[in-house]
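Chain residues, written in single-letter form:
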Amino acid sequence: LSPSSSCKTSERKSWGSKAETWSRGAAKEKTLECGQIVWGLAFSAWPAAEDGDTDPACAMGLPCLVLATGLNDGQIKVWEVQTGHLLFSLLGHQDVVRDLSFAPNGSPILVSASRDKTLRVWDLSRDGVLFPFGDTFLLSPGRQVQVLSGHVQWVYCCSISPDCSMLCSAAGEKSALLWSMRSYTLIRRLEGHQSSVVSCDFSPDSALLVTASYDACVIMWDPYTGEQLRTLRHVPLYSMLDSSSEIHTSSLRSVCFSPEGLYLATVADDRLLRIWALELRSPVAFAPMTNGLCCMYFPHGGFIATGTRDGHVQFWTAPRVLSSLKHLCRKALRTFLTTYQVLALPIPRKLKEFLTYRTF
């Protein structure tokens, strides 16, 4: 599959009888006609439709899965996955929509990052104004909540914290920007990289933020204080220098947290997928891969998906670990306590250091 391919409304039955039985034959692979190069994707569960509400058309009052697609012409098309129905197109961006992120709490809030150097916040539950455009309808920016301006280069990546309080964005700049999802204002610039920041991700408890850069480093931050907690440096395992290439062989492309928050995965231009344990400064596992651009953990752990320039998605078995009781307690507490709230607790200093990830 290439990102520019667009197909007609064809369908194929899913492999295996279980998939067909699961939905009485309704579970089918569908091709969505986007009409443009697709640069960004984001899934979200849409709340069940109320009586008489047909937008979206979720059967039997059950939540349905929606997919937002960021396109080459600046549009965002939102689809109901099971039926392939186009719910609406969002207008506002003036250039390629490079990345998309739904609020993790299931609310219909979508953030988009674009080459027009802005981020836009959309509330998909709000009404917009439909007007005809060819064979479909476009939605005016009535659902647009906010335009976030502050980057001076193309915005490559956006990530909403699991507690939905913060948004991080990365562009072709040496700093990442941290935004408030409550006031839609800039909280701080995260400065420390020596080259363009291209990827970012929050830990599952929102207590940590990681950024990856072309400088071959991953920086682990406390998003509440802006403090740098650790730097992971990508050192080539063996010489893979190409004198004809102007790109550093270890330039990073993507970073992501594992679902339990104990591992990181990174993809770099030195043709390696690395797995890092949170407590260590060196990788615990490697996998050879070429042309890697992005990586993402399976939501329940155990597998990593990587995307490549040549149009492939590869799946890798990832280390599994049983979280310690200490980590589970820390994760549970940090889900609703900020760093400042932890530091104000009447508890021993070493315990505060553990709860704020300062015992590395």
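Since the structure is predicted, the reported quantities are computational estimates derived from the model, not experimental observations.

J.: Explain the overall build of the protein chain to me, please; I cannot follow it from the model alone.
T.: The number of helices and strands found in the protein chain is four helices and 27 strands. Sorting the 360 residues of the protein chain into buried and exposed places 47% on the buried side. Within the protein chain, residue pairs in contact and separated by at least 24 positions form 45% of the contacts whose partners lie at least 6 positions apart. For the protein chain, the exposed surface amounts to about 18100 Å²; the carbon and sulfur share of it is 56%.

J.: I keep staring at unusual backbone geometry and nothing clicks. Help me out?
T.: Despite not being glycine, K117 has its phi angle at roughly 75°, a positive value. With respect to the helices, strands and loops of the structure, K117 is situated in the loop between β8 (109-114) and β9 (118-123). One non-glycine residue with positive phi stands out, namely N291, at about 60°. Structurally, N291 can be placed in the loop between β24 (283-288) and β25 (292-297).

J.: What is the right way to read the sheet that holds strand β23 (residues 272-277) from this model?
T.: By definition, the strands of a sheet pair up through backbone hydrogen bonds, in either a parallel or an antiparallel sense. Reading across the sheet, the four strands line up as β21-β22-β23-β24 and stay open at both edges, with antiparallel pairing between neighbours. Each edge of the open sheet is held by one strand with a lone partner, namely β21 (252-257) and β24. Shown here is a sheet whose adjacent strand axes are inclined to one another by a mean of 20°, direction ignored. For β23 and β24, the ladder comprises five bridges, and the chain directions are antiparallel. Note that in β24 the partner of W276 across the bridge is P283.

J.: Help me understand the confidence of the model for the protein chain, please; the structure alone is not making it clear to me.
T.: Reading fine detail from the predicted coordinates is not recommended where pLDDT is low. Averaged over every residue, the pLDDT of the protein chain is 79; residues scoring 70 or more account for 78%. Between residues 239-248, whose pLDDT stays under 50, and residues either more than four places distant or in other chains, the model counts eight contacts.

J.: Would you mind showing me how to read the pattern of salt bridges here?
T.: When their charged atoms lie close together, side chains carrying opposite charge are able to pair. Scanning the entire structure with this criterion turns up seven salt bridges. A salt bridge links D222 to R358; the shortest N-O distance between them is 3.0 Å. Note that D222 is positioned in strand β19 (residues 217-222) and R358 in the segment after α4 (349-355), a separation of 136 residues in sequence. In this structure, E353 and R349 form a salt bridge, with 2.7 Å as the shortest nitrogen-oxygen distance. Here R349 and E353 lie together in helix α4, a separation of four residues that amounts to about one turn. By relative accessible area, E353 is classed as partly exposed at 26%. Among the charged side chains, a network of salt bridges with common partners joins D222, E227 and R358.

J.: Before we go on, may I ask you to explain the side chain of R120 in this structure?
T.: Mapping R120 onto the fold places it in strand β9. At a separation of 3.3 Å, a polar atom in the side chain of R120 contacts the side chain of H93. Beyond its immediate sequence surroundings of up to four residues, R120 is in contact with G92, H93, L110, V111, S112, Q144, Q146 and V147.

J.: What is the right way to read the packing of aromatic side chains from this model?
T.: We describe a pair of aromatic rings using the distance from one ring centre to the other and the angle between the two ring planes. In this structure the tally under the stated criterion is zero aromatic pairs. Residue placement shows R115 over the ring face of W39; its charged tip is 4.6 Å from the ring centre.

J.: What is the right way to look at the UniProt feature "domain: SOCS box" (unreviewed entry) in the protein chain in this model?
T.: Per the UniProt record, "domain: SOCS box" (unreviewed entry) is annotated on residues 324-360. Counted over residues 324-360, helix gives 59% and strand 0%. Its end C-alpha atoms are 16 Å apart.

J.: What's the story with the environment of L148 in this structure? I'm lost.
T.: For L148, the position within the fold is in strand β12 (residues 144-149). Judged by relative accessible area, L148 falls into the buried class, the value being 2%. In the structure, L148 is positioned 37 residues away from V111 in sequence and 9.9 Å away in space, judged by C-alpha atoms. When neighbours within four sequence positions are excluded, L148 is seen to be in contact with T118, L119, V121, L167, W179 and Y184.

J.: When you look at the sheet that holds strand β13 (residues 155-160) in this model, what are you seeing that I'm missing?
T.: Ordered in space as β13-β14-β15-β16, the four strands form an open sheet in which the pairing is antiparallel. What marks the edges here is a single partner per strand, and that holds for β13 and β16 (186-191). Neighbour-to-neighbour, the strand axes of this sheet turn through a mean angle of 20°, independent of strand direction.

J.: Honestly, the pairing of strand β26 (residues 303-308) in this entry has me stumped. Any pointers?
T.: Along any regular strand, the residues point their side chains to alternate faces of the sheet. Extensive coverage of β26 is indicated by the burial of five of its six residues. One ladder, built from five bridges, connects β25 with β26; its direction is antiparallel. Each bridged residue has a counterpart across the sheet, and for C294 the counterpart in β26 is G307. Between β25 and β26, which pair antiparallel one after the other, the connecting turn spans five residues, and G301 there sits at a positive phi close to 80°.

J.: I tried to follow the nonpolar core on my own but got confused; where do I start?
T.: It is characteristic of soluble globular proteins that their nonpolar side chains tend to be buried jointly. One finds V111, L119, L148, L167 and M181 to be the most contacted residues of the largest nonpolar core, which totals 17 residues. Elements supplying a minimum of two residues to this core: β8, β9, β13, β14 (166-171) and β15 (175-180). Shared between two domains, this core holds at least three residues of each, these being domain 1 (35-48 + 60-149) and domain 2 (151-236 + 248-324). Core analysis: the next-biggest nonpolar cluster, separate from the first, contains 16 residues, L208, V218, M220 and A268 among them.

Cut-offs used in this document
- Sequence order as written defines residue numbering, which begins from 1 separately in each chain.
- With pLDDT at 70 or above as the cut-off, local features in this predicted model cover only qualifying residues; side-chain atom pairs require 80 or more to be listed or tallied, and sums for whole chains, interfaces and linings still use all residues.
- Excluding hydrogens and water, the side-chain figures rest on all heavy atoms present in the structure.
- Elements are defined by DSSP. Helices are runs of H or I of four residues or more, strands are runs of E of two residues or more, and each kind is numbered from the N terminus.
- For every residue, the accessible area obtained with a 1.4 Å probe (protein chains only) is divided by the maximum for its type, and the residue is called buried under 20%, exposed over 50%, and partly exposed between those limits.
- Only heavy atoms enter the contact rule, under which two residues are in contact if any of them lie within 4.5 Å.
- Surface accessibility follows the Shrake-Rupley procedure with a 1.4 Å probe radius. Residue values consider only the protein chains on display as shielding.
- Whether two strands pair comes down to DSSP finding at least two bridges between them.
- Every axis in this analysis is a line fitted to C-alpha atoms, fitted for helices over the stretch in contact. Angles between the N-to-C directions lie between 0 and 180 degrees.
- pLDDT expresses how confident the predictor is about each individual residue, on a scale running from 0 to 100.
- Any carboxyl oxygen of Asp or Glu within 4 Å of a side-chain nitrogen of Lys or Arg constitutes a salt bridge here.
- Contacts described as polar in this section are N or O atom pairs within 3.5 Å, which, within protein, must combine one atom able to donate a hydrogen with one able to accept it, while residues neighboring in sequence count only if both atoms come from side chains.
- Centres within 6.5 Å are what make two rings of Phe, Tyr or Trp a pair, Trp counting through its six-membered ring; a difference in plane orientation under 30 degrees is then read as stacked, over 60 as edge-to-face, and the rest as tilted.
- By definition, being over a ring means that NZ of Lys or CZ of Arg is both within 6 Å of the ring centre and within 35 degrees of the ring normal.
- UniProt positions are given in the numbering used here, feature names are shortened, and annotations may be inferred rather than shown by experiment.
- Here, the term nonpolar core denotes a set of buried Ala, Val, Leu, Ile, Met, Phe, Trp, Tyr and Cys residues that are joined through side-chain atoms within 4.5 Å.
- Domains are outlined according to an automatic or database domain assignment.

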